[in-house]
Amino acid sequence: SEGMESGFGSDFGSGGGGGGKLDPGLIMEQVKVQIAVANAQELLQRMTDKCFRKCIGKPGGSLDNSEQVRAGGRTGDPRPPRSGRPLRLCVPQKCIAMCMDRYMDSWNTVSRAYNSRLQRERANM
C-alpha cells in the first residue's frame with residue numbers, strides 16, 4: 001500500500017513540504033509529460049498490432065525466420081510479380097521493421113499536417 005501511495009500525488013508538490021502549496025506550472029508540465037507518454041504508448045501499441053497482423057497473420061507451430069509465400073497482395077517487395085507465380089514475402093522481422101517504418105512515416109506526415117492546420121486555425125481566430 002505504501003508503494004502505491006508514493007506513486008500518486010507525492011510528486012506534485014513544489015518540493016519537500018513547502019506548506020502544502022502547489023506549483024500550477026509544475027503540475028501542468030507533469031500532466032503534459034504523462035499525456036505524451038500515454039500517447040506514445042498508444043501509438044506503439046497500435047503500430048505493433050497492425051504490423052503483427054500484416055506480417056505474421058496466422059503463425060504456425062513456431063515463429064522462425066522462414067519465408068512465407070502469399071499469392072498477390074502487398075509484400076514489401078518492390079519487384080513486380082512474375083507471371084502467375086506467388087510472391088515471396090520477406091522474413092517476418094524484416095516485414096515488421098518495414099511496416100513500422102512506414103507506419104511512423106505516415107503518422108509523422110499526418111501529425112505535421114494536423115499541427116499546421118491547428119496553427120492556421122489559431123492565427124485566424
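Quick caveat, the model's predicted, so the values are computed rather than measured. (Residues numbered from 1 in each chain as written. Predicted model: local features only at pLDDT ≥ 70, side-chain atom pairs only at ≥ 80, totals over all residues. Heavy atoms only, no water.)

1. A closer look at the packing of helix 2 (residues 24-55) against helix 3 (residues 92-123)
For step 1, the next point in the chain: The geometry of helix 2 relative to helix 3 is characterised by a closest axis approach of 9 Å and an angle of 135° between their N-to-C directions. Here helix 3 runs oblique to helix 2, going by the angle between their axes. Crossing handedness for the pair helix 2 and helix 3: right-handed. Between helix 2 and helix 3, the residues in contact are L43, R46, M47, T48, K50, C51, K54 and C55 and P92, C95, I96, C99, M100, Y103, M104 and W107, respectively.
For step 2, the next point in the chain: Tallied by class, the residues present in the contact of helix 2 with helix 3 amount to 12 nonpolar, 1 polar and 3 charged. (Axes fitted to C-alpha atoms, helices over the stretch in contact; angles between N-to-C directions. Helix = DSSP H or I, 4+ residues; strand = E, 2+ residues; numbered from the N terminus. Parallel < 35°, antiparallel > 145°, perpendicular 65-115°, else oblique. Left-handed = near helix turned anticlockwise from the far one by under 90°. Contact = heavy atoms within 4.5 Å. Nonpolar A, V, L, I, M, F, W, Y, C, P; charged D, E, K, R; others polar.)

2. Some thoughts on the state of the cysteines
For step 1, the next point in the chain: Per the stated rule, a full pass over the model turns up 2 disulfides.
For step 2, the next point in the chain: Between the sulfur atoms of C51 and its disulfide partner C99 the distance amounts to 2.0 Å. Handedness of the C51-C99 disulfide follows from its S-S torsion of about -80°: it is left-handed. In this pair, C51 is assigned in helix 2 and C99 in helix 3, connecting sequence segments 48 residues apart. Exposure class is identical for C51 and C99. Each is buried.
For step 3, the next point in the chain: Between the sulfur atoms of C55 and its disulfide mate C95 the distance is 2.1 Å. (Disulfide = S-S within 2.5 Å. Buried < 20%, exposed > 50% of the residue type's maximum accessible area, 1.4 Å probe, protein only.)

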